[in-house]
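# Structural overview
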Amino acid sequence: FAPPGNTGLFMPATADYLALGNAICGIPLTTLDDIAAAVTDEIMGLVESGELVAGLGNALIQHVEKALEKLGQGNTRAATAMINGLIQQITHLIHAGQISAEDGESLIALAMILMP
């Protein structure tokens, strides 16, 4: 993932990110819906465990849903912006101590797989 403070566009997902996502989830991720569901499940797991407040979890999930919608419309520029926003939010949550670095890095790795 990009270093903290990086505000530029992130690079598209590679096979390495897909393999990492598969390792994080323990199941093969083959479609955008699979990947989006994995990100959402990870976020909901943090909410359910009490590590992340529901409002922040919902905001992150909305980024995932909007990115998936934009990808479905073929609007890769908007999808990339949504995914970058998601990654920036996660990075902020890590730096603010609202989620652990380990959980944040897992979410970022999954989000990177969505990158067009």
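Calculation criteria
- Residues numbered from 1 in each chain as written.
- Predicted model: local features only at pLDDT ≥ 70, side-chain atom pairs only at ≥ 80, totals over all residues.
- Heavy atoms only, no water.
- Axes fitted to C-alpha atoms, helices over the stretch in contact; angles between N-to-C directions.
- Helix = DSSP H or I, 4+ residues; strand = E, 2+ residues; numbered from the N terminus.
- Parallel < 35°, antiparallel > 145°, perpendicular 65-115°, else oblique.
- Left-handed = near helix turned anticlockwise from the far one by under 90°.
- Contact = heavy atoms within 4.5 Å.
- Nonpolar A, V, L, I, M, F, W, Y, C, P; charged D, E, K, R; others polar.
- Expected span 1.5 Å × (residues − 1).
- Buried < 20%, exposed > 50% of the residue type's maximum accessible area, 1.4 Å probe, protein only.
- Arc of directions from axis to C-beta.
- pLDDT = per-residue confidence, 0-100.
- Core = buried A, V, L, I, M, F, W, Y, C linked by side-chain atoms within 4.5 Å.

## Points about the packing of helix α3 (residues 54-72) against helix α4 (residues 76-95)
When two helices pack together, their arrangement is captured by the angle between the axes and the distance separating the axes. Contact geometry of α3 with α4 gives a least axis separation of 8 Å together with a crossing angle of 160°. In terms of axis orientation, α3 runs roughly antiparallel to α4. Helix-helix and strand crossings are classified by hand; for α3 and α4 the assignment is left-handed. Contact residues: L56, A59, L60, H63, V64, K66, A67, K70 and L71 in α3; A78, A79, M82, I83, G85, L86, Q89, I90 and L93 in α4. Split into classes, the residues belonging to the contact of α3 with α4 amount to 13 nonpolar, three polar and two charged.

## Let's talk about α3
Taking 1.5 Å per residue, 19 residues should reach 27 Å; α3 reaches 27 Å between its end C-alpha atoms and fits that length. Every buried residue of α3 is listed here: G57, L60, I61, H63, V64, A67 and L71. Each buried residue of α3 lies within a common arc of 145° when the element is viewed along its axis, so the set occupies one face. Counted as exposed and oriented over 90 degrees from the buried face of α3: G55, E65 and G72. Buried positions along α3 lie against α2 (32-48), α4 and α5 (101-114). After α3 finishes, the residue G74 shows a positive phi value of roughly 80°.

## Structural notes on the environment of M82
Take M82: it is sitting in helix α4. Look past the residues within four positions of M82 in its chain and what remains in contact with it is H63, K66 and A67.

## As for the confidence of the model for the chain
Chain-level pLDDT for the chain is 78 on average; 73% of the residues reach the 70-or-more range. Highest mean pLDDT in the chain belongs to α4 (93); lowest belongs to helix α1 (residues 15-25) (52). In the predicted structure, residues 1-15 sits below a pLDDT of 50 and forms 22 contacts with residues beyond four places in sequence or in another chain.

## A word on the nonpolar core
Ranked by size, the top nonpolar core spans 27 residues in total, and within it I43, L52, I90 and I99 carry the most contacts. If you list the elements that add at least two residues to this core, you get α2, α3, α4 and α5. What I99 contacts, discounting residues up to four positions off in sequence, is L46, E51, L52, I90, L93, I94, G104 and L107.

## Notes on α4
Because the α-helix completes a turn every 3.6 residues, residues three or four places apart line up on one side. Taking 1.5 Å as the rise per residue, α4 with 20 residues should run 28 Å; its terminal C-alpha atoms sit 28 Å apart, in good agreement. When we look at burial in α4, the residues that qualify are A79, T80, I83, N84, G85, L86, I87, I90, T91, L93 and I94. Against the buried residues of α4 lie α2, α3 and α5. G97, located one to two residues past α4, shows a positive phi value of around 75°.

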